[in-house]
Structures are given as C-alpha cells and as structure tokens.
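For reference, the chains in residue letters:
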Amino acid sequence: MREKRLAGRTVAILMESDFVEQELHYYQRRFTEEGARVEFLTRLWGQDSLTFHGHEYKEPFTVTGDLESADLSAIDVLIVPSGMVSDRLRYSEDVHELAPAVRLLKEAFGDPRIIKGVICHGLWLAAPIAEVVKGRRVTCHNNLVGDVHNMGALYTDQDVVVDRDLVTGRTAEHCAAFARMIIDLVAAGRPAETVYRPDFTFSDLVAGYVTGFERGEISLRTNDGRPVRVRLTSTTSAEFARNLSEPYLDASAHLEQLLTPGNYVFVKGIFYYENGSYTVEAKALTFLGRQPGQYAFEQPDWWVKQIHELGRFYRRAQFGDDGPIDYAAYRTMLRLGGEKADQHVQETDTISRMVYGMSSAYMLTGDEDFLEVAEQGAAYLRRHMRFVDRDEDVVYWYHGIDVRDGGERKLFTSEFGDDYDAIPMYEQIYALAGPTQLYRLTGDPRILSDIEGTLRLFAKFFHDPERGGYFSHIDPILLSPHHEALGPNRSRKNWNSVGDHAPAYLINLFLATGDERHAAMLEETFDLIVRHMPRKDSPYVQERFHADWTPDTTWHWQQDRAVVGHNLKIAWNLMRMMSIRPKDRYRALATEIGEKMPALGSDPQRGGWYDVVERRLAPGQHVHRFVWHDRKAWWQQEQAILAYQILAGLGGGEEFLRRARESAAFYSAFFLDHDEGGIYFNVLADGHPYLLGTERFKGSHSMSMCHAAELCFLATVYQRLLLDREPLTLWFRPRPDGFADRVLRVAPDALPPGRVRLAWVELDGSPYQLFDAEAMTVKLPDSASPVTVRAHLAPVED
Amino acid sequence: MSFTMKMNVEGDTATIRLAGELDGSSAPDLNDLVTQAVGRQVGRLVLLLDELTYMSSAGVRCLVFAHQKLPRGSQITLVGTKPEVAETIRLTGFDRSIVMR
C-alpha cells in the first residue's frame, strides 16, 4: 500500500452554495486517500447544519462545521474553493465589520504553519484584507486578474502558484494540480515560508572549465555543466598542481594565459550573499598544467615519479632511509609523518599490500631497493604469517602477529569488528596481493606454492559448490562458513568475497602464469557479479548476500547501503575482463555503471568521488543520502580514475576520457601530502585533508602502499599504452628457479589482444632476442643467479 | 587409537593432558576445553603431550585461537611433544609463539 502522506493532518474547506461539485468531491477523495481528515466549514448562523446546493447540478451538500468556532490550531490547510463560495462568505451584516469567514482567513494568514489554498474566484474573500496578499505571487480566474492587481498582489500567469504558505490555483479545472501542490508542501513538513535558504558567507571549492575571463571575472562551467562566475581579488593566489617532492609552483604571473576557454581549474573561494544572490571571490586557484588543456598527470613520468616517492616514504617509515631492511621493526600503524605509533601489531594484509606497492614500484623504476623490500616482506609473511595445514593440504594466513616484548602472539582470527572471531575471505584475498605481484617479477616457486595452497583453501572451504561464489567468512576451528559462532557472518557472501579476487591478485596471477584455471575462476566471479549485483531496487549494486543470493540488507554497517568505489571497481574490472574472456554483458554493465555513476557518486561542484550512500531514496528525497559524511577517500578516487581510463581506452569515447581526467585532477590536486609525504586517507568535500582519528594514519589496513601504488602503476599503463599510444618500459627480475616453464610474461595488465606488442628486450643490460612480441613473453635462459629483464612495450599502429 | 583429554586448573595455570590421536573430529572437544581455560583467563596453559601420537591441524587451530584469546603475556607450554606433532606445529609457525619442551 502507498504511504499516506497527510496522515494525522486536517484539511478545512470553506463551503457555501454555488460550489463546484466535481471540485469538492475531488478534494474529499484526494485528501482522504492521503490520510487527512477533511472538514467542511461555513457560517452556520446558529444552526446545527446547513445544506447548500452546487453550481452546476444543484447537488445538495450538508455542512455541520461552524467557521465561527473553528480551532485554527487543529487545522493544517485552509482552502477557499471555486464558484461563488467566497463571494457568499464575505457577506457581512455590519458594513463596518469583517465577515466571520474573512476574519478566519486573516487569522490563518497570520500563521505560516497553515497552508492557505485559494483557487479560482476564491481571492474575493481576501479583498477586505488585501494586505495579506499584497506583494505576493498569486494566480486566479481570468475574471479576477484586475481584482488581484487592485489588491496589490503580483498576478502570475500559471495554473498553480506557490508563495511560501500561500498556494493559489487558476480555476476549478486545475483543482488536481492545486491539491497535489498542497499535499507536497504539507508532506514536506513545512510551509514554503520556512524553507531554509542559505544567505551566509562560506568558503568552498569550485571545479570547472574556463568559458571566459573578463575584467577580473572568470566564467566557469562545472563538471555537470552549471555556469559559475568567480571574481579575482588582490589577494588571490594561484599555483600549479605538483607531484610528491616537487616544490610549490606559483602560477599567479600567468593568469591571462591560463584563464583561457577550456582550461580546467580548481577555485577555492569565498561565497558572499548580497543583492539576493551569491558573489564568489577566488582566494586560491590550482591549475593542472603549465599550458591550457595540459594535465600534469598525463606527462609520461608523473605516476612513475609518484610511485618512487611513495616507495621511499614507506621504506623510510618502516626501516629507515638506507638502513637494513628488517621486518621485525615493521609496524602496521604509521602516523601522518610516517613515524610509528605505540602499537605492536604486524598485520598480514598491510605487509602484503606494501609488497604489492614495492613490486609495482620496481616494475616501473627498476630500483632494486624496492625489490629487496618486497622480497623480504614476502619471506617474512612466509615465516611468520602462514599456516600450512597438512591435513587439508591448504594454506591460510594469520590476521597478523603481536610482537610486543619480543614475543610473537599469533592473531589468528580478524581483530576487526566487522570480522571478529572469524577468518574473513577479504583478509585471505589481500594476503595474496603482494606475493602475487612479486611473483610476476621473480617467478619464485615458493610464492606460487603458497598461492596454490591458498586457492585450495578458497575452493575447499569458502566456495559454495551449489549456488556458486565464495562465502565471506569461515570459523577458525572447523573452517566452516555455516558455523553458528559466525553470527551475522554465517552463510554470507559479499562483494569482497566474490569480486575482490580479480583486482587483488587473480588477474595478476593469470598475467604471470597464463593458466586457464585462473581465467575460469575469473569468469565465474564476473558472471556472478553481473548476475546478482545489479538490482532493480537501486541504481547501485547490491553488496551483501545470503547463501542463496538473496540480498542481506541488515548486516552491521552496510545495511542497505552502497560503497561508491565498489561500483566503480566493478566497472574497471569488467573492462579488464574484456581482454581475458570478453562477454557483451560485461561491457554493457561496465558502460552502464560508467555512465550513471557521475550523477550518483561524484561531486559535480567540486570534483572527486564520495564514499558510502544509502542505496535507496526515502519518500520525498531526490538525493541519495550520505551515511556518515561527505568526505572523499583516496581509494575511491583511484577506482574512478582507472575505471574511466580503461573505459575510454577501450573505445568508450570522449565523455569517459573527460571523467578520467576530472577524477585524476581532483586526486592530484588534493590527495598528495606535500608536507609529510604519502597520500591522504580522506579529504573533505572541498579537498582539504581530513586528519582526525584513524584517518590521520598512513599505514592502516588498506592504506599501506596498495591502492596509491596500484593507481601509479595502472594509470601509467592505461595512459601510455591505451590513451596516448606511447611505449612503456618495465623491469623484471626472474630467479634462476623462477617460472617452471621458464617463460616470463610481461604484459602489465589485461590488454586487448593486438593492441600492444613487446618491441625489445634487454637482459642484464644486453639486447636479448628470445621473446614473442605478440604474446609479450620472454623465454628465459638458464642462469645461476637472478637476471634483470627490461621489457619495452609499444602500442601497435592501427 | 582413541583420544582422551583431561584438564586441571590450579591457580593461574591450566594443565591439559592429551592422549591418543587428536584428529579433526575431536578438535571441537579440545576447543570446548581450552575455551574453558580462556574463560578463566589463566596466565599459563600447559599441555602434556607425551602420550599424544597425532595432532591434526584443527587441533593446532584450537591452541592458536586460545592463545589469541588469553590475556596478553600468557604462556603456552607444550611438554613431551613427539617429533611428528612438533613438525605439524612448526608448519603453522605456532612454534614461534610457544615453549616446546
């Protein structure tokens, strides 16, 4: 049943003879069906009731409500209807006194809580109290236009007009639209007079393209096409976006050249309310490139430099600048400047994520220090975090260890509230992220053996052979997803347990091995995503499920909520899958998400991407509500950049390219910590870093050089190979026992077949010929020690 | 060979004697027992294993989980561990967290 929007409300309708029958019956039914009490009031002249007759059909209508004793405090809406009702009610036997109905109307106008609905000839009743409508916008029957002018009202040629708490309608013919407007206003819980209109001074960010610059005023068009005008002041500063470790670059001497149409700019400004609207005065401008239309992050070395700086930051924070790499000193929790907090936990996933970042940094830079940090990290994971289960022939990973006082207490189950006392799939998945990325470089058979053991764990204990997919948690003793000790995590599946295999390790594992088993597992997970996650009840995907794939809308913080970045992550990875096992429905869903998400998850005024929102709108809402805040998290920006880059790179067009640039612009302007190094966790909607609580840290469970490094690595790959059609050189370091088939696979990501070829290979500094250009593979020689391979990839000319 | 277990708590120390083969099916029973010890928040858990001929990985999981749940600084000591059982434990890395005698 539909919600009754006027439940508990009272609508009073004035009555007299010569009413319009259809109109009155319409109000009776319409307001009643919305749950309102409908009351008819007239001047009873001391009688118990009076019976009136309609204008058209002379229909009798008996009224028992006396307007002279009406209690306005119990009335929410007072309607003066069409016909001759108003004229009859303004009769007064004493020409020096107002008629009782006029007095009632005057009192009602004195209370902005009461909606006054006046239609057709109804405004006649206000003639003796013209001050109540003076200067207000109204409509009325054409015959009354002169009357309302004389009353000082502002006649407006519309069927229905709202002026704060006064709703007017043209004629009885328009009673439906008139009633609808009244219902909307009452349901919204406030007469128009109390609608909040900001009129104070505030500061905010505008992101947009310059459309003009004249006499110190910039005209901008925001990402969603709204015009904004911004004035420069004598104290407006301007800078260029800069990379980590680069000094401040002043741009204020180049404004005339930079403020040319089409150039993208961020404006931090002050909004002053005056003369009925806002004047925006710029205080700080940030330009994305030295020349109009240039984007610094599209320079060939932007992301490569950035991953180098990130690698140095985490190297320094964990082990010192150039001291020995000793993981006994590793700590998960790092403060803003990289210093260690008084906390002695080493989490498996944060080490694994750092191994991922360092491996990626080596691949782009060839800096062997990064490789060393990665290799030692993988070895540490093997020695301290791994549980080899001989009975089941599987491997699993501890949540972490507590190394206080030199001891080593295993933290077997997750220490996080979401996953407490359970082994969450999410943590096991991310335990593989770093080792798998490192395996791509070295082919270390010990790493592959652990990956295979963990995959057997997934197949044996997390997989649901009947309904497909992977459960999100298993219990620590029996390794069952159905154990009652799991509580709200019992027999559940979620976005991470199904969808995070691909981005965290599985695509990389397929790239490293070419093993079709992994392609098949990818296909299974993507088929499940396409089948179960898009739902008709919301434009956002469903992220939590029961075993039978019915939605779970009750779980802990998630409830019926959407993580914007998960939607984008699906689009990004579906497009990667298009280069492994393509399906029309993968591309269709990725494109659909890419097209609709800007309106659902991005900030059209300031740029950037939001965090968690309600999947569904409550009645009367037009905007999906933020669950906790309107901050923007670094990793969700990453998902947007990669999703739109790959959508654009795989034939998606200019609109996706624009979104990729806008997303990268926001990230590059606001997420880089130029003071301390590294990347901020969250920024406020206007781009200022949010530095309170856990969001101040640089090493928490997902921060630790994972997403930021992944962005540097893949943005380089997509920008150069797919968008700019420029070559890219990568570094590898195969061990003598690396890769059982002695084949090094150098494709940096899942790329469309035929788009990129391996142009040349260098082995330990010398040209090397044993490679397959099309397959992007290198046949490795026998060697006694690790060899350094440089692989030069080049786009194939059309 | 069947599996038997017995716990004795004295002061701050819980002593558990395990005998026979601790396979996957008997692990929940051991878990119940160590959960009792955890419930009493003992500072020392001593396992007498000289009569234990086999310990499944599920058995090790019970001990690891118990160690996580015991108060910080509490100690688990294994006495009389046979080489086969010690190897199972070594493969889980748990040997780094306990005393084996």
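Predicted, not measured: the structure shown is a model, and the values here were computed from it.

(A) Quick look at helix α3 (residues 83-91) of chain B. Those residues of α3 of chain B not exposed but buried are Val85, Thr88, Ile89 and Leu91 of chain B. Buried residues of α3 of chain B, seen end-on, are gathered within an arc of 165° and therefore sit on one face of the element. For α3 of chain B, the secondary structure elements touched by its buried residues are β19 (386-389) of chain A together with β3 (44-55), α2 (57-69), β4 (75-79) and β5 (99-100) of chain B. At the exit of α3 of chain B stands Gly93 of chain B, carrying a positive phi of roughly 75°.

(B) View of the domain arrangement of chain A. Domain boundaries in chain A define domain 1 (10-194), domain 2 (202-294), domain 3 (302-615 + 627-723) and domain 4 (728-795). Here the C-alpha centre of domain 2 of chain A lies 51 Å away from the C-alpha centre of domain 1 of chain A.

(C) Layout of the pairing of strand β10 (residues 160-163) of chain A. Residue and element names in this part refer to chain A. With 4 bridges connecting them, β10 and strand β11 (residues 166-169) associate as antiparallel partners. Its bridge partner being in β11, Asp163 is matched across the sheet by Leu166. Hairpin connection between β10 and β11: a loop of 2 residues separates the two successive antiparallel strands, and Arg164 in this loop has a positive phi of roughly 50°.

(D) Representation of the pattern of salt bridges within the structure. Scanning the entire structure with this criterion turns up 73 salt bridges over all chains. A salt bridge links Arg390 of chain A to Glu84 of chain B; the shortest N-O distance between them is 3.9 Å. Note that Arg390 of chain A is positioned in the loop between β19 and β20 (394-397) and Glu84 of chain B in helix α3, a pairing that runs across two chains. For Arg390 of chain A, a relative accessible area of 40% corresponds to the partly exposed category. For the salt bridge of Lys460 of chain A with Glu392 of chain A, the shortest nitrogen-to-oxygen distance reads 3.2 Å. A residue pair is termed long-range when its members are at least 10 positions apart, and Lys460 of chain A in helix α12 (residues 445-462) and Glu392 of chain A in the loop between β19 and β20 qualify at 68 residues. Within the structure, one salt-bridge network assembled from shared partners comprises Glu516, Glu523, Asp527, Arg581, Lys583 and Arg585 of chain A.

(E) Up close: the interface of chain A and chain B. Contacts between the two partners involve 25 residues from chain A, matched on the other side by 25 residues from chain B. Note on chain A versus chain B: buried area summed over both sides is about 2,300 Å², and carbon and sulfur give 48% of it. Looking at the side of chain A facing chain B, the largest losses of area belong to Arg390, Arg409 and Ile477 of chain A, adding up to 32% of the total buried there. Linking chain A with chain B are 4 salt bridges, by the criterion used here. Measuring nitrogen to oxygen at the nearest pair gives 2.5 Å for the salt bridge that ties Asp402 of chain A to Arg72 of chain B. The interface formed by chain A and chain B contains 22 residue pairs in polar contact (both at pLDDT 80 or more).

(F) Local environment of the nonpolar core. Within the largest apolar cluster, 211 residues are counted, with the highest numbers of intra-cluster contacts made by Phe266, Phe458, Tyr505 and Tyr667 of chain A together with Leu18 and Met55 of chain B. Every residue in contact with Phe458 of chain A, bar those within four places of it in the chain, is listed here: Met425, Gln428, Ile429, Leu432, His463, Tyr470, His501 and Tyr505 of chain A. Membership of the second largest hydrophobic core comes to 62 residues, among which are Leu67, Leu89, Ala179 and Ile182 of chain A.

(G) View of the packing of aromatic side chains. Residue and element names in this part refer to chain A. For the coordinates displayed, the defined rule picks out 40 aromatic pairs over all chains. An aromatic cluster of three or more residues is present, and its members are Tyr209, Tyr264, Phe266, Trp303, Phe666, Tyr667, Phe670 and Phe671. Just above the ring of Phe240 sits the side chain of Arg290; from NZ or CZ to the centre is 5.3 Å. The ring of Tyr690 carries Arg631 above its face, with NZ or CZ at 3.7 Å from the centroid.

(H) Just unusual backbone geometry, in detail. If you check the backbone angles, Lys58 of chain A has positive phi at about 55° while not being a glycine. You can see Lys58 of chain A is positioned in the loop between β3 (50-53) and β4 (60-63).

(I) The arrangement of the side chain of Ser704 of chain A in detail. All names here are of chain A. Tracing the backbone through its elements, the reader meets Ser704 in the loop between β30 (682-683) and α20 (707-723). Given a relative accessible area of 1%, Ser704 falls into the buried group. Looking at Ser704, its side chain comes within polar contact range of the main-chain oxygen of Thr350, at 3.1 Å. If we skip the residues at most four places from it in the chain, Ser704 touches Tyr314, Tyr330, Thr350, Arg353, Met354, Lys698 and Gly699.

(J) Focus on helix α11 (residues 433-442) of chain A. Residues and elements named next belong to chain A. Burial within α11 is extensive, with 10 of its 10 residues counted as buried. Those residues of α11 that sit buried are Ala433, Gly434, Pro435, Thr436, Gln437, Leu438, Tyr439, Arg440, Leu441 and Thr442. Remark: Gly443 follows α11 within two positions and exhibits a positive phi of approximately 70°.

(K) Molecular detail of the sheet that holds β11 of chain A. Residues and elements named next belong to chain A. One open sheet holds the 7 strands; their spatial order is β5-β2-β1-β6-β7-β11-β10, and the pairing between them is mixed. At either margin of the open sheet sits one strand with a lone partner, and together these are β5 (65-66) and β10. Each of β1 (10-14), β2 (37-42), β6 (77-80), β7 (115-119) and β11 is contacted by helix α3 (residues 100-109), which is oriented at about 135° to β6, the strand it contacts most. Across the sheet, helix α5 (residues 175-187) is in contact with β6, β7, β10 and β11; its angle to β7 comes to roughly 175°.

(L) View of the packing of α12 of chain A against helix α14 (residues 501-513) of chain A. All names here are of chain A. Two elements in contact, α12 and α14, have axes whose closest approach is 13 Å; the angle formed by their N-to-C orientations is 130°. Between α12 and α14, the angle falls in the class oblique. Pair α12 / α14 crosses with left-handed handedness. Together, Leu448, Ile451, Leu455 and Phe458 of α12 and His501, Tyr505, Leu509 and Thr513 of α14 make up the contact between the two elements.

(M) Main features of the side chain of Ser17 of chain A. Positionally, Ser17 of chain A belongs in the loop between β1 and α1 (21-33). For Ser17 of chain A, the residues in contact, after removing those within four places along its chain, are Phe52, His53, Met84, Val85 and Arg88 of chain A.

(N) Representation of the environment of Gln559 of chain A. Residues and elements named next belong to chain A. Take Gln559: it is sitting in the loop between β26 (544-546) and β27 (561-563). Taking the relative accessible area as the measure of exposure, Gln559 reaches 30% and is therefore partly exposed. For the pair Gln559 and Gly169, spaced 390 residues apart in sequence, the C-alpha to C-alpha distance is 43 Å. In contact with Gln559, other than residues within four places in its own chain, are Asp552, Thr553 and Thr554.

(O) Examining the packing of helix α17 (residues 584-601) of chain A against helix α18 (residues 634-652) of chain A more closely. Residue and element names in this part refer to chain A. Contact pair α17 / α18: the axes reach a minimum separation of 11 Å and the direction vectors enclose 125°. In terms of their interaxial angle, α17 and α18 are classed as oblique. Seen from above, α17 lies across α18 with left-handed handedness. For the pair formed by α17 and α18, the contact residues are Arg587, Ala590, Thr591, Ile593, Gly594, Met597 and Pro598 on the first element and Tyr644, Leu647 and Leu650 on the second. The residue makeup of the contact of α17 with α18, split by class, is 7 nonpolar, 2 polar and 1 charged.

Thresholds, definitions, all that
- Residues numbered from 1 in each chain as written.
- Chains lettered and ligands numbered in written order.
- Predicted model: local features only at pLDDT ≥ 70, side-chain atom pairs only at ≥ 80, totals over all residues.
- Heavy atoms only, no water.
- Buried < 20%, exposed > 50% of the residue type's maximum accessible area, 1.4 Å probe, protein only.
- Helix = DSSP H or I, 4+ residues; strand = E, 2+ residues; numbered from the N terminus.
- Arc of directions from axis to C-beta.
- Contact = heavy atoms within 4.5 Å.
- Domains from an automatic or database assignment.
- Pairing = 2+ DSSP bridges.
- Salt bridge = Lys/Arg side-chain N within 4 Å of Asp/Glu carboxyl O.
- Buried area = accessible area lost by both parts, 1.4 Å probe.
- Polar contact = N/O pair within 3.5 Å; in protein donor to acceptor, adjacent residues only side chain to side chain.
- Core = buried A, V, L, I, M, F, W, Y, C linked by side-chain atoms within 4.5 Å.
- Phe/Tyr/Trp six-rings, centres within 6.5 Å; stacked < 30°, edge-to-face > 60°.
- Lys NZ or Arg CZ within 6 Å of the ring centre and 35° of its normal.
- Axes fitted to C-alpha atoms, helices over the stretch in contact; angles between N-to-C directions.
- Parallel < 35°, antiparallel > 145°, perpendicular 65-115°, else oblique.
- Left-handed = near helix turned anticlockwise from the far one by under 90°.
- Nonpolar A, V, L, I, M, F, W, Y, C, P; charged D, E, K, R; others polar.

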